[in-house]
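# An overview of the molecular structure
As a plain string of letters, each chain reads:
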Amino acid sequence: MGTVLQALILTLIGVILLYFGFTLFFATPGGIPMPAFRRRRGPRPKNQGIPGMPRTCPVCSAKLERGERVKSAAFPSMGGADRLMHISGCVYCLQGDRRRVCPVCGAVLREGEFLVARLFEKPGRSHVHVLGCTVCKIRRS
């Protein structure tokens, strides 16, 4: 009788933990659990990329075509694996066609302001990690 009761209690605890884990990872703001593949998102505006994806401007999130570049300046490394980098933007946001927004603090960048980033170079590939803009880097200092 004791082993059946233990098995019932352990099963109940497992079901409760499974429920809380599911709601923790798949819950919507309304509180109704919904799997990630069923979530709907609104239409993305034309020329709007996903921040962090290759060929996307980190300043204005514009999807860049093959051959379009982001204006940036990478400085020499001081013996470390990463380099400091200043990112000004792409042709769309530098010409004033799109708003220049810092992906860290959300501030709108004016002319002359730039993003501060770390450039990690690996053989055949490089990775950029945006630390912030000139506005939020000064606030944190």
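Note that the structure is predicted; figures quoted are calculated from it, not measured.

### Some words on the pattern of salt bridges
When the charged atoms of two side chains with opposite charge come close together, those side chains can pair. Within this structure, the stated rule accounts for three salt bridges. We note a salt bridge from Glu121 to Arg83, for which the minimum N-O separation is 3.2 Å. With Glu121 in strand S3 (residues 115–122) and Arg83 in strand S2 (residues 82–89), this residue pair connects regions lying 38 residues apart in the sequence. For Arg83, a relative accessible area of 23% puts it in the partly exposed group. One salt bridge in this structure joins Arg110 and Glu113, with 3.1 Å as the shortest N-O distance.

### Description of the side chain of Glu113
Position of Glu113 among the secondary structure elements: in the loop between helix H2 (91–94) and S3. Using a relative accessible area of 12% as the deciding quantity, one classes Glu113 as buried. Polar contacts involving the side chain of Glu113 include one to the main-chain amide nitrogen of Arg110, which spans 3.0 Å. Once you skip the residues sitting within four places of it in the chain, Glu113 turns out to touch Arg100, Val108, Thr134 and Val135.

### Details of the pairing of S2
Where strand S1 (residues 71–74) meets S2, four bridges bridge the pair, whose relative direction is antiparallel. Residue pairing in the sheet places Lys71 in a bridge with Gly89 of S2. Here six bridges tie S2 to S3, and the two strands are oriented antiparallel to one another. Across the sheet, Arg83 pairs through a bridge with Leu119, a residue of S3.

### Looking at the nonpolar core
Buried together is how nonpolar side chains tend to be arranged in soluble globular proteins. Formed by 17 residues in total, the largest nonpolar core has its most connected members in Val59, Cys90 and Leu115. Looking at which element gives the most residues to this core, the answer is S3, with three residues. With near-sequence residues (within four places) excluded, Val59 lies in contact with Ile87, Ser88, Gly89, Cys93, Arg99, Arg100, Val101, Leu109 and Leu115.

Cut-offs used in this document
- Residues numbered from 1 in each chain as written.
- Predicted model: local features only at pLDDT ≥ 70, side-chain atom pairs only at ≥ 80, totals over all residues.
- Heavy atoms only, no water.
- Salt bridge = Lys/Arg side-chain N within 4 Å of Asp/Glu carboxyl O.
- Helix = DSSP H or I, 4+ residues; strand = E, 2+ residues; numbered from the N terminus.
- Buried < 20%, exposed > 50% of the residue type's maximum accessible area, 1.4 Å probe, protein only.
- Polar contact = N/O pair within 3.5 Å; in protein donor to acceptor, adjacent residues only side chain to side chain.
- Contact = heavy atoms within 4.5 Å.
- Pairing = 2+ DSSP bridges.
- Core = buried A, V, L, I, M, F, W, Y, C linked by side-chain atoms within 4.5 Å.

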